[in-house]
Amino acid sequence: MSDTTRRTTPGAGKGPLGRLADFLDDRTGFRALVHEALFERVPGGARWRYVWGSTLVFAFMTQVVTGLFLWANYAPSAQTAWESVFYIQHEMTGGWLLRGIHHVMAQAMVVLLALHLLQVVIDGAYKAPREVNFWLGLVLMMLVLGMALTGYLLPWDQKGYWATIVATNLAGIVPFVGPSLQQLVVGGPDYGHHTLTRFFALHAGFLPATLVLFLVVHLALFRKHGLHAKQPITRPDAMFWPDQVLKDAVAMLAVMAVVLGVILVPAVRTMLAGGAVDWGHVGAELGAPADPSESYAAARPEWYFLFLFQFLKVFEGWGATGEFLGAIVVPGLIMAVMFLMPIIGGWRLGHRFNVAFTLGIVAGAGLLTALALDEDYCSLWIDRASLADAEKLADETAGDDAKIAAALGHDATRIAAMRKKLATLEAYRNSRAFLAASRQARIDADRAVELAGRPERIPPTGALDLVRQDPLTRGPRLFGLLEGRDCASCHAHVDPQAADAATRFAAASAPNLYGFGSAAWVRGLLDPDRVAGPEYYGNTAHKDGDMVGYVRDEMGDAEKWKPAEIEAVTAALAAEAGLPDADATPAQVEQGRALIASAERCGSCHNFRDNGTGLGTAPDLTGWGSREWIAGLVANPAQERFYGDDNDRMPAFEKLLSPQQIGLIADWLRGAWYRAETGHRHAAR
Amino acid sequence: MVHRERSERRGFLTEALAVVCGGLATLTPLGAGVWAFLDPLRRRGGGARLIPVTELEAIPDDGLPRRFAVIADRKDAWTGYAAEPIGAVWLRREQGSEAVQALSATCPHAGCSVDMAPGGHCFRCPCHNSEFTFDGGIVSPSPSPRAMDKLECEVGADGTVAVAWRKFRAGIAAQVAQS
């Protein structure tokens, strides 16, 4: 070791610490290593433009550190992956921050990679003698992208699950080895435990270990060839330590600040607006648990893979060839050209080609990303009013070419203009569907988190079981509310106070079931002005039936039915449903029960408890609106206990749905589901 | 001279032995790992399974497809699931016909789940916008290389509709069942 080293190496004093350093240095030679690491000459002095490589190493180290701590709390399996990530994100102290940093830094890393690569190509730093290091860099880039891809699945939420299905199916179309490759990565013919364990092993083991190996060689070669200095050199040389290290450190801090900014800005905005921050929702998103049986219409890859996603659409109509070209051949060719850059760069104009090619790829990727975003979000800026005529025509002609031509008087100019409009309309509708699906995905995710946070915790069967047995999640789907199918193809489920309630009641062919079983619902039924309206029996065969007649003629007559008596019947029925009105007194309920049972009143047609009326004339009111009563009616409304032969068009759903599904519909209609505020199942209304 | 030749030969032998011994030692754990890692290649999906999904009454003969979950027992490595949704089918019946057309809801393009298009005039996959007619045909231009996968469907004497459920490889023009 030279004297200069001794003088400049920090900590080489002669105190006890200095003597300890001397002792260690004699046996390890660490000072020479430190010197080697820090005292690199930087030709032309330290510059900001040299920081990109260092920020990438920093980003990777951040991922290693946060990744290891995440690993300490993560359990990869189909019943524990989502559950453990939920626990990290929503229950553990600082879990949201740890996961947030890992998630956002992964995105920062992709951006930094692109910048680093751009700079190396533009500066010609790939040329001799640095070719091998350039190739190592490209391998490192693929490893980083591989980690991004594998990491996306690990929370085992809907988003990661469906994105992974697409990605692995694309791997399956590689010639010859594709299907085997897919099966190896997926861990079998189906997605499950082994998909997670394998993706996790790749994400946290194979890929980073390989990356470290390549990174060590990359850095060693970088040192061997020295920094590729910006020409011409006009300033004196400087040392890596501390001049360039300072700039690197400031850049790292800036990267970290941006990452923290992305994580914290939404929370800070909430705070400034005076709201309370739910830290579980800060940082990385967690979707609803992966459900192979529940299609996920908001499926999209992470934003930095959107250009590849969009690129596949370029080959629309090319069939399998297009898929193969878009997913395998073109990306493969682009990578091949990049690997050849050091050789191409040696030719005349080769460097210019390389720069133009790289910029072209970046611009192309940018354009494709913009197109993908435009497709998904265009309904936010397309003026729907301008499409009114196209919308009308599309609905009238159902997209039939001949009908469209006829409607436009076979005028070629008008047809061409309308075609353009119809295309915009379709884009608008697709975007609306995507945004609706994204909204629904957020609702489902929040609900899954709410259920998982119950004091009873998640059952061993996993959070998916909780979601599948949740009336609030499953009810609207079984009811067909989202698609206007099943129950919802006849029944409305609309708050009567809603602005568009009247139009939606008019469009339905069966009673509105919003709040069914509640006192408010019964009050409307027993209201002479409403019973024959579309909200109740107006659009059914019962419109002219005995019940409507009775409510209008008898209950509408204050001589025969006093308002207090109607209110008592209302209270009693709500009590039967188990959804008692808060204002109802026990005496009122008792009075109501007596009125219902009385052969002079409701009991003249309706059976109620032991009033002796019997079944067959009108629905049994014993336990009316209870879970059991609703489930029985949904199972088969033509039972004697319900409508018997008077049943108007309602199918027996016991043939279509399982008892568990019917129970979920009943619970949902009654508003019986878990809510976090109260901590137990309750009626929401 | 002879001595030198002998020592050269010895030198080669030493080198070769060192490489073989070292190689065998280090490749053994790697081999064991790779052997186990390749295990999924011998796992099979198990071919088609005839699974009852609904009853004929549940499919109105109006030519419009209805979606039904395919529910069956499923094994995932060490976990056995009883009666789990393992996929979905679109069933459809023409007016007056008892014959049921069954299409797998799995998109033949990249494996997402095919839904009804907004407006309900055809099928549409939400991932890459592949559109299909109600009988499963491609609405071109489409990213999908083939039409939706038809499944065999049996209607029992009691009206039970059973579907021969199986999965097909995505992204290729030919309909190849997954092994």
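Residues numbered from 1 in each chain as written. Chains lettered and ligands numbered in written order. Predicted model: local features only at pLDDT ≥ 70, side-chain atom pairs only at ≥ 80, totals over all residues.

1. Topic: the overall build of chain B
In step 1: Scanning chain B from terminus to terminus reveals one helix and eleven strands.
In step 2: Counting helices and strands in the order they occur from the N terminus, chain B gives α-β-β-β-β-β-β-β-β-β-β-β.
In step 3: Rg of the C-alpha trace for chain B: 27 Å, well past the compact-globule value of 16 Å for 179 residues, more than 25% over.
In step 4: The C-alpha extent of chain B, read off along each of the three principal axes, is 100 × 40 × 20 Å.
In step 5: By residue count, 31% of the 179 residues in chain B fall in the buried class.
In step 6: Sequence separation of at least 24 residues holds for 48% of the intrachain contacts in chain B that already meet a minimum separation of 6. (Helix = DSSP H or I, 4+ residues; strand = E, 2+ residues; numbered from the N terminus. Rg over C-alpha atoms; globule rule 2.2 N^0.38 Å. Buried ≥ 20, exposed ≤ 12 C-beta atoms within 10 Å, placed from the backbone. Contact = placed C-beta atoms within 7 Å.)

2. Brief notes about the environment of Asp648 of chain A
Residues and elements named next belong to chain A.
In step 1: Relative to the helices and strands, Asp648 resides in the loop between helix 25 (627-635) and helix 26 (659-669).
In step 2: The exposure class of Asp648 is partly exposed, given the 17 C-beta atoms found within 10 Å.
In step 3: Put simply, Asp648 and Leu633 are 15 residues apart on the chain and 13 Å apart in space, counted from C-alpha to C-alpha.
In step 4: Excluding residues within four positions of it along the chain, Asp648 makes contact with Thr540, Ala541 and His542.

3. Notes on the sheet that holds strand 5 (residues 115-116) of chain B
Residues and elements named next belong to chain B.
In step 1: Spatial ordering of the open sheet is given by 5-6-7-8, a layout of four strands whose pairing is antiparallel. In the strand order of this sheet, the two ends are held by strand 5 and strand 8 (138-139), each with one partner.
In step 2: For strand 6 (residues 123-124) and strand 7 (residues 131-132), the ladder comprises two bridges, and the chain directions are antiparallel. Each residue of the ladder has a partner; that of Phe123, found in strand 7, is Phe132. (Pairing = 2+ DSSP bridges.)

4. As for the nonpolar core
In step 1: Of all hydrophobic cores here, the largest spans 114 residues; its most connected members are Ala59, Met109, Trp156, Val166 and Ala463 of chain A together with Val89 and Cys112 of chain B.
In step 2: Top contributing element to this core by residue count: helix 6 (residues 95-122) of chain A, with eleven residues.
In step 3: Apart from the residues within four sequence positions on either side, Ala59 of chain A is in contact with Met105, Ala108, Met109, Leu112 and Val255 of chain A.
In step 4: Ranked by size, the runner-up nonpolar core spans 54 residues in total, among them Ala510, Val551, Ala571 and Trp629 of chain A. (Core = buried A, V, L, I, M, F, W, Y, C linked by C-beta atoms within 7 Å.)

5. Observations regarding unusual backbone geometry
In step 1: The omega torsion across Trp241 of chain A and Pro242 of chain A is 0 degrees, close enough to zero to call that bond cis.
In step 2: With respect to the helices and strands, Pro242 of chain A occurs in helix 11 (residues 240-272).
In step 3: The omega angle of the peptide bond from Ser140 of chain B to Pro141 of chain B is 0 degrees, so this bond is cis rather than trans.
In step 4: For Pro141 of chain B, the position within the fold is in the loop between strand 8 and strand 9 (150-151).
In step 5: In this structure, Arg649 of chain A takes a positive phi of about 65 degrees despite not being glycine.
In step 6: Mapped onto the fold, Arg649 of chain A is located in the loop between helix 25 and helix 26.
In step 7: In this model, Ala77 of chain B sits at a positive phi of 50 degrees, which is unusual for a non-glycine residue.

6. So, the sheet that holds strand 11 (residues 160-165) of chain B
Sheets are built from strands paired through backbone hydrogen bonds, the pairs being either parallel or antiparallel.
All names here are of chain B.
In step 1: Reading across from one edge, 1-11-10 is the order of the three strands in this open sheet, with antiparallel pairing throughout. Of all strands in the sheet, those bounded by a partner on one side alone are strand 1 (49-55) and strand 10 (153-155). For this sheet, the mean angle separating the axes of adjacent strands, direction not counted, is 25 degrees.
In step 2: Pairing of strand 1 with strand 11, which is carried by six bridges, proceeds in the antiparallel orientation. Bridge pairing in strand 11 places Ile51 opposite Val163. (Axes fitted to C-alpha atoms, helices over the stretch in contact; angles between N-to-C directions.)

7. A word on the interface of chain A and chain B
You'll often see interface size given as the accessible area lost when the parts meet.
In step 1: Every contact between the two is made by 42 residues of chain A and, on the other side, 41 residues of chain B.
In step 2: The set of elements that each furnish at least two residues to the side of chain A that touches chain B consists of helix 8 (158-171), helix 9 (178-186), helix 10 (193-225), helix 12 (306-314), helix 13 (319-344) and helix 17 (412-452) of chain A.
In step 3: Classifying every residue of the side of chain A that touches chain B gives 18 nonpolar, 16 polar and eight charged. (Nonpolar A, V, L, I, M, F, W, Y, C, P; charged D, E, K, R; others polar.)

8. Re the domain arrangement of chain A
Residue and element names in this part refer to chain A.
In step 1: Under the domain assignment, chain A is made up of domain 1 (47-235 + 267-299), domain 2 (382-452) and domain 3 (472-683).
In step 2: With twelve residues of domain 1 in contact, the opposing surface of domain 2 contributes ten residues.
In step 3: Broken down by element, the side of domain 1 that touches domain 2 gets its largest block of residues, three residues, from helix 5 (residues 81-91). (Domains from an automatic or database assignment.)

9. Digging into the domain arrangement of chain B
In step 1: Entries for chain B in the domain assignment read domain 1 (2-41) and domain 2 (44-165).
In step 2: Spacing between the C-alpha centres of domain 1 of chain B and domain 2 of chain B amounts to 55 Å.

10. Structural notes on helix 4 (residues 51-71) of chain A
Residues and elements named next belong to chain A.
In step 1: For helix 4, spanning 21 residues, the distance from its first C-alpha to its last is 30 Å, which sits close to the expected 30 Å at 1.5 Å a residue.
In step 2: Residues of helix 4 that are buried include every one of Val51, Thr55, Leu56, Phe58, Ala59, Phe60, Thr62, Gln63, Gly67 and Leu70, and no others.
In step 3: Considering only its buried residues, helix 4 is in contact with helix 5, helix 6, helix 10 and helix 11. (Expected span 1.5 Å × (residues − 1).)

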